[in-house]
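Each chain is listed here by its residues.
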There are 2 protein chains.
Amino acid sequence: MTDQSITHTTGGELRDPRITRVTAGDIVRRAGNRRPDKDAFVVPATDERVSFGEFDDRVNRAANAFLESGLASRDRLAIVAANSLEFLEAYFGALKAGLVVVPINPEITTDDVGYELDHASVDALVVEDTYYPKFEGVFEERDLETLAVIEWSDEGTVPVPEFRAFASEHDAAEPEVELEGSDLAQIMFTSGTTSRPKGVCLPHRALHAGSINNVVGGEVSRNDVKCGLLPMFHCAMLSQVKAVLHVSARMVILRGFEPNQFLECVETYAVTDVTLLPSMYTELLARDDIRDRDLSSLRRCTYAMTPIGNETLAECIEVFGAEFSLGSGQTEAYPPTCTYHPEWQLEKEGNYWGTALPNTDIAIMDDDGQLLSDGEVGEIVYRGPNVMDGYLENEERTREAFAHGWFHSGDVGYFDEDGLLKFVDRKTDMVKTGGENVSTQKVESVLLDHSDVDEVAVVGIPHERWGEAVTAFAVSYGDDPDPDDVLEYARGTLAGFETPKAVEFLAELPQTATSKVQKHVVSENHEDYYR
Amino acid sequence: MTDQSITHTTGGELRDPRITRVTAGDIVRRAGNRRPDKDAFVVPATDERVSFGEFDDRVNRAANAFLESGLASRDRLAIVAANSLEFLEAYFGALKAGLVVVPINPEITTDDVGYELDHASVDALVVEDTYYPKFEGVFEERDLETLAVIEWSDEGTVPVPEFRAFASEHDAAEPEVELEGSDLAQIMFTSGTTSRPKGVCLPHRALHAGSINNVVGGEVSRNDVKCGLLPMFHCAMLSQVKAVLHVSARMVILRGFEPNQFLECVETYAVTDVTLLPSMYTELLARDDIRDRDLSSLRRCTYAMTPIGNETLAECIEVFGAEFSLGSGQTEAYPPTCTYHPEWQLEKEGNYWGTALPNTDIAIMDDDGQLLSDGEVGEIVYRGPNVMDGYLENEERTREAFAHGWFHSGDVGYFDEDGLLKFVDRKTDMVKTGGENVSTQKVESVLLDHSDVDEVAVVGIPHERWGEAVTAFAVSYGDDPDPDDVLEYARGTLAGFETPKAVEFLAELPQTATSKVQKHVVSENHEDYYR
C-alpha cells in the first residue's frame, strides 16, 4: 500500500554498533557491573574465590594480554586444559579480544590434537601444565607458541609464563574490538562419524542464545549456587557458566567427579544446583553414607545425555531431596535445546527430552524434508539463534546439515501424545558413553588394523555405569584370536573413552543381502551383555 | 598472526536465514509447538480461554488475512483498542506478516491520533468498536481503511467486518515472509511532556531481548499465572505477554484495574504474579475486606513507575503474602531494563531501580560523555539488544539519544554504595541554578505537602543571576493561598538552592491527554517572568 521508499530512522548510520550487539564478552561485563562484589566462582581445590567484578577485570587483562602478545582479532587460540578458573579467564579473555577460541579435549590422542590444531588453523595456545609434556612435540612440530600455561600440578617446570603472570600486568579495561553477534566465537570439535572430528563454528550469537536457554531450562536464579564439574572443553559446561553470569548466581568449580569431593562441596558451599551424568547419581546412591550427608541445600538436579530408570530416579528424588530434570542439546545447537521438566519425571519411561526452550524450534523431519506429526518417528531438526554457522571448511557436511531449511541433529525421535520429545537413536552410529560421543566407525577402523580382526562391528551396549559401553564384536579368519591383545592394541591407539570395554569374537556377524553388517542386530542380540 | 583470508564456513550462503533469525513471531510459534494444549490466555469478561496451539493458529490466520487484504510486508498497521484477546491476535498476526505495528493509545485526543497516524505513515487499521465513533472522522479524512473491528461493546454497528470474521477463514499455517531480527517490528509513541510524541522504532530483536529480560527479572516460570491489566498499547504489557509465551506460563487478561474484578481474578484463577502501579496496591490495602480475601496463590507482586513508601510496602508484603519487586524500563529500551529484587525491598528508601537485567548494560554519564563512578549523579544510559533503532524520521533526536555510543534515557540517577541504581529525576526536569542541579520532582513533592498547594509545576525560568531560577507555579483548590507562606515552608524543608525563587498561583496548569502536566508549556508561558 505505501510507497516502499518511506523509511524509518535506522540505527545503522546513527547508532554505535556496540549499543545493540550481542557478544559473549557482554555477558561477563554485565555480570561484573551488576554485582561487582558478589562471589562468582569458588575453587575448593585452590581455595580461591573471585567476585564478578574481579572476574571481569581478569578477563579484560587476559584479553589485553592476548592482543599485546601479537594476536589480532579473528586469530585462533586453542585452550588445552581441564577445569580451572584460569580456563574461564583465558576463554572469555580471548572472546573479548575478538579471538576465536578452540577448546581442545586434553584426553584425546596427540594425533587427534594435531589434526584439530591444523584444521582450526590455530595461531597460539594456552595449555595446562599437566598436559604440556603430552603435547609438547605436537606443538613444536607446528611451531605453535604456547603463550601461557595454567599451573595445576607442581611437577616439573614448563618453559612458558604462568597464565596469571602473563595476564596480570595488563590493563583491566575492556579492549575496544569491533565485534558483532554474527562473528565467529568458538570452534568446537565433535567426534565425527567419519574418522576425523568436525569443527563446529559457533558465533557469539549462538553462545548467548544457548545460555539464555540454560537460564530458562534450569530456572537459574541469582540465589543459586551451581556445582560445575563437567569438562569446560565441552559446551554444556560453558553454557552453564554463561547462565551463572547472566543472572549473577554462583558456581563452585570442581576438576571432575569424585564422590567424596562432590559431597563435601555440596555441604560446604550450600550448593543448590548440580548437573551430573546418570552414572554419577547412581554411584552416589550406592554409598553407605549418602543418607547421612547434608544435601538439604539442593534444589535442582539435572542429568544429561542418557535417561535414568524410574526406579533409580525415584530413589534419587527421595535421597537428594531435589527436583530432577533432564537437559539435552548438542554442540551444533549450543545447549540446551530442551528440558524434561521435574513434573514429568517418573511419569514416563525412556529417554525423554521434554520440550523446547525459548530460543529453539524443534521438529521431526523425514528423509524427504517433510515435517512429521506427533507420534511419527524421524530426525530431530532445530531452528534457533543457538544453531551454529556451519562445519569448519566443510561445505558438503554443512549443506547436508542445513538441508530443507532446518539444522539436522542426526538424532532420531518423536513427539509423544503429550507433545513431549522422546529420543530413539542416533541416525548414524554414535555411542554415547560416560558423557562422550564415540564414533563406532573410528574404533572399527583402528581394530581392523589388528591382525586378528578381519571383520568387526562396534556398538554401544547398555551399561550401568557408562550409559552405553563401547563394545566390539569381531570375526577372525585365523585361529585363537586373543581379545586381550586386541584391547591392548586399542588402548595404545585410541583415547580411554574410545577404547572398547570388551572385545568379543563371534563366528560370524549378521549381514544384509548386500553384505553390510547389520549393527542394529548385533546390538539387539547382545543388549544384556553387561547385565 | 594468520593470513586473514583463512575463513570458516559461514551460514550466510549455506544456511536458510529462517534457521537463526530472532523475530516476535518465533515466540508465538514456539509457544504453540511447546505446549499446544495448555491454556495460554484467559479472558474473564468474555469467558474465553485459548490454548497456546490455538493462539498460534489464530495469529497465523490474522497474518494471512492481513496479507490477503492487500497489505504487504513492511506496511504499517495501527491498532486502536484497549485490552482484549483480539488485540494480541492482531498484534502478533501483523508481526508474523512482516507488518510494522503501531499501537495507538485510544484515550488520547483525535488531534494526537491524527498526528500519530500521519507521522507513522499508517496504511490500515484494526479498531475496537468502542473507540470507532470517536476516531471515525480522523480515519475518513485520511482515507484510511479499517480492516476489522474488535467487538467489545454491543452498542451500535460499525460498518466494518468483525475481527474474528475477518481472520478466521484464512489459513492457519504461518505465512512465509522474509524477516530478520533487525527488521522494524513496531512504532510506539512516547507521551511528550516536552514536545509532540516521538515515534520509537523497535526492531524484532529488541522485542525479543526485552522480553527475555522480563522472564529473568520476574523469574517467570511455566507454572506462573499472570494477571495482565496494564494497557496493551504500552510496551510493559506487551513485554509481559511475550514473557508468558517464552516460558509457557499463563495470563488472565483484564480490561484495566477494577479492585473487585482484580481480587476475584486472583481468587478464581489462582494468579501467582501481578504487575500493578503503586496507587493500585494502596487502593487494595484500603479495602475493608482485603484481609479476608484468598490471595494465597500470589507469589510475586511487581510494581512499576514510582516507588512505594516502606511503611506501605511492609503492609503490602504482609497482606498480599508475596515477594515484591520493582521493574523499570522505557519504550526506547524495550522493558524491563532493571529489577529492584525482593531481598532489597524495605532495605532502602526512595526510587530504587536495582540492577540491570541480562540483555542490558546500564551506566551513568555526565554531559561530556564521561562514564561516572558509583555515587556520582548523572544521566542513566543504556546499551543492549533491547534498545530501539531510533526515533521515527527524526535524525536530530536520534543522534542526541545515541551520543557518545550509549542510549540516553533522559533519566538522572546514580549507583549507590551497594551498586544499586537509584533514580533521581528526569533530566529535562532538572533545573541548573547557580551551578547546582535541582530535581523539580523533589521540590514539587515538598510543596505538595503544604495545605495551600493542590497541583504544582516546578520549572527553571531564565534568570540573570542564577542562569535558571527554580520557580513554582501552583494551583490551590482553597481560597486565598499565600505564596509567602508556601515559600517559608519550603525554606524550612529544602536546601537554599532548591528553594523556589518565587511561588506563583495560577487558575490551572496545562495538561496532556493523559493528565500529565505539560511543564514545557508552563516554562514557555513564563519565560519572561524574571525579565
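So, how was this worked out
- Residues numbered from 1 in each chain as written.
- Chains lettered and ligands numbered in written order.
- Predicted model: local features only at pLDDT ≥ 70, side-chain atom pairs only at ≥ 80, totals over all residues.
- Heavy atoms only, no water.
- Helix = DSSP H or I, 4+ residues; strand = E, 2+ residues; numbered from the N terminus.
- Contact = heavy atoms within 4.5 Å.
- Areas by Shrake-Rupley, 256 points an atom, 1.4 Å probe, with all protein chains shown as cover.
- Lys, Arg positive; Asp, Glu negative; His and termini not counted.
- Charge placed at Lys NZ, Arg CZ, Asp CG, Glu CD.
- Core = buried A, V, L, I, M, F, W, Y, C linked by side-chain atoms within 4.5 Å.
- Buried < 20%, exposed > 50% of the residue type's maximum accessible area, 1.4 Å probe, protein only.
- Axes fitted to C-alpha atoms, helices over the stretch in contact; angles between N-to-C directions.
- Parallel < 35°, antiparallel > 145°, perpendicular 65-115°, else oblique.
- Left-handed = near helix turned anticlockwise from the far one by under 90°.
- Salt bridge = Lys/Arg side-chain N within 4 Å of Asp/Glu carboxyl O.
- Pairing = 2+ DSSP bridges.
- Right-handed = clockwise from strand over helix to strand, strands pointing away.
- pLDDT = per-residue confidence, 0-100.
- Nonpolar A, V, L, I, M, F, W, Y, C, P; charged D, E, K, R; others polar.
- Phe/Tyr/Trp six-rings, centres within 6.5 Å; stacked < 30°, edge-to-face > 60°.
- Lys NZ or Arg CZ within 6 Å of the ring centre and 35° of its normal.
- Domains from an automatic or database assignment.
- Expected span 1.5 Å × (residues − 1).

- An unreviewed UniProt entry lists chain A under the name Long-chain acyl-CoA synthetase, with Natronorubrum sediminis as the source organism.

Regarding the overall build of chain A
- Across its full length, chain A carries 16 helices and 25 strands.
- The principal-axis extents of the C-alpha atoms in chain A amount to approximately 70 × 70 × 60 Å.
- Considering only contacts in chain A between residues 6 or more positions apart, those separated by 24 or more positions represent 67%.
- For chain A, the accessible surface area stands at approximately 19,700 Å², while carbon and sulfur atoms represent 44% of it.
- Placing the 45 positive and 96 negative side-chain charges of chain A at their respective mean positions leaves the two points 7 Å apart.

Details of the nonpolar core
- Membership of the largest hydrophobic core comes to 116 residues, with the highest contact counts inside it found for Phe41, Phe66, Phe262 and Phe320 of chain A.
- Phenylalanine 320 of chain A has contacts with Tyr281, Leu284, Leu285, Ile290, Leu295, Leu298 and Cys301 of chain A, leaving out every residue within four places of it along the chain.
- In terms of nonpolar packing, the next biggest core, distinct from the first, is built from 115 residues, Val43, Ala97, Val266 and Tyr382 of chain B among them.

Overview of the packing of helix α3 (residues 52-68) of chain B against helix α4 (residues 85-96) of chain B
All names here are of chain B.
- It is the contact of α3 with α4, at a shortest axis distance of 7 Å, that shows an interaxial angle of 60°. Of the possible angle classes, the one that applies to α3 and α4 is oblique. Crossing geometry of α3 relative to α4 is assigned as right-handed. Of the residues in α4, those in contact with Phe55, Asp56, Arg58, Val59, Asn60, Ala62, Ala63 and Phe66 of α3 are Leu85, Leu88, Glu89, Ala90, Phe92, Gly93, Ala94 and Lys96.

Things to note about the pattern of salt bridges
Residues and elements named next belong to chain A.
- This model, assessed by the stated rule, comprises 85 salt bridges over all chains.
- Close ionic contact of lysine 226 with aspartate 273 constitutes a salt bridge, the shortest N to O distance being 3.3 Å. Of this pair, lysine 226 sits in strand β9 (residues 225-228) while aspartate 273 is found in strand β11 (residues 273-276), placing the two residues 47 residues apart along the sequence.
- Looking at lysine 226, the relative accessible area reads 3%, which means it is buried.

Quick look at the pairing of β9 of chain A
Residue and element names in this part refer to chain A.
- Burial along β9 is two-sided: Val225 and Cys227 and Lys226 and Gly228, pointing in opposite directions, are all buried.
- Across four bridges, the pairing between β9 and strand β10 (residues 250-253) is parallel. Paired with glycine 228 across the strands is isoleucine 253, a residue of β10.
- Taking the sense of rotation as the criterion, the β-α-β connection linking β9, helix α9 (residues 235-247) and β10 turns out right-handed.
- Sheet topology places β9 next to β11; two bridges connect them, and they run parallel. Within β11, the position partnered with cysteine 227 by the bridge is valine 274.

Overview of the confidence of the model for chain A
- Taken residue by residue, chain A gives an average pLDDT of 92. The fraction at 70 or more is 96%.
- A low-confidence stretch, residues 1-7 of chain A (pLDDT under 50), is modelled with 17 contacts involving residues beyond four sequence positions or located in other chains.

Re the interface of chain B and chain A
- Each partner contributes residues to the interface: chain B has 78 residues there, and chain A has 78 residues.
- Run the count over chain B and chain A and you get ten salt bridges.
- Looking at the side of chain B that touches chain A, the elements that each hand over two or more residues are α1 (11-14), α2 (24-34), α8 (204-217), α9 (235-247), β15 (352-356), β17 (378-383), β18 (390-391) and α13 (395-401) of chain B.
- Of the residues forming the side of chain B that touches chain A, the biggest block, five residues, is contributed by α8 of chain B.
- Residues that form the side of chain B that touches chain A fall into these classes: 27 nonpolar, 27 polar and 24 charged.

Quick notes on the environment of proline 259 of chain B
All names here are of chain B.
- Take proline 259: it is sitting in helix α10 (residues 259-269).
- Placed 256 residues apart in sequence, proline 259 and serine 515 show a C-alpha to C-alpha distance of 22 Å.
- Setting aside residues no more than four positions away along its own chain, proline 259 makes contact with Glu283, Leu284 and Arg287.

Considering the packing of aromatic side chains
Residue and element names in this part refer to chain A.
- Going through the model one piece at a time under the given rule, you end up with 36 aromatic pairs over all chains.
- Between phenylalanine 55 and phenylalanine 92, the aromatic rings sit 6.1 Å apart at their centres with planes inclined by 85°, giving edge-to-face as the arrangement. Of this pair, phenylalanine 55 sits in helix α3 (residues 52-68) while phenylalanine 92 sits in helix α4 (residues 85-96), and the two are 37 residues apart along the sequence.
- Phenylalanine 92 sits in the buried class, given a relative accessible area of 0%.
- Within the aromatic cluster, the residues linked to one another by ring pairs are Phe41, Phe55, Tyr91 and Phe92.
- For the cation-ring pair, lysine 198 lies above tyrosine 391, with the distance from its terminal atom to the ring centre recorded as 4.9 Å.

Quick look at the domain arrangement of chain A
- In terms of domain boundaries, chain A breaks down into domain 1 (23-34 + 49-204) and domain 2 (431-526).
- Between the C-alpha centres of domain 1 of chain A and domain 2 of chain A the distance comes to 35 Å.

Re α4 of chain B
Residues and elements named next belong to chain B.
- Its twelve residues give α4 an end-to-end C-alpha distance of 16 Å, which sits within 8% of 16 Å, the value for a rise of 1.5 Å per residue.
- When α4 is considered as a whole, its buried residues turn out to be Leu85, Glu86, Phe87, Leu88, Glu89, Ala90, Tyr91, Phe92, Gly93, Ala94, Leu95 and Lys96.
- The positive-phi residue at the C-terminal boundary of α4 is glycine 98, with phi of around 80°.

Some words on α3 of chain B
All names here are of chain B.
- In a regular helix each residue adds 1.5 Å, so 17 residues correspond to 24 Å; α3 covers 24 Å between its end C-alpha atoms and thus fits that length.
- Most of α3 is tucked away, with twelve of its 17 residues classed as buried.
- For α3, every residue scored as buried is listed here: Phe52, Gly53, Phe55, Asp56, Arg58, Val59, Asn60, Ala62, Ala63, Asn64, Ala65 and Phe66.
- Count one or two residues on from α3 and you reach glycine 70, which has phi positive near 110°.

A word on the pairing of strand β15 (residues 352-356) of chain A
All names here are of chain A.
- Taken across its five residues, β15 has five buried, putting it largely inside the fold.
- When strand β14 (residues 333-340) meets β15, the two strands line up antiparallel, connected through two bridges. Paired with cysteine 338 across the bridge in β15 is alanine 356.
- Bridge count between β15 and strand β20 (residues 421-426): two bridges; the pairing is antiparallel. What sits directly across from tyrosine 352, in β20, is lysine 422.

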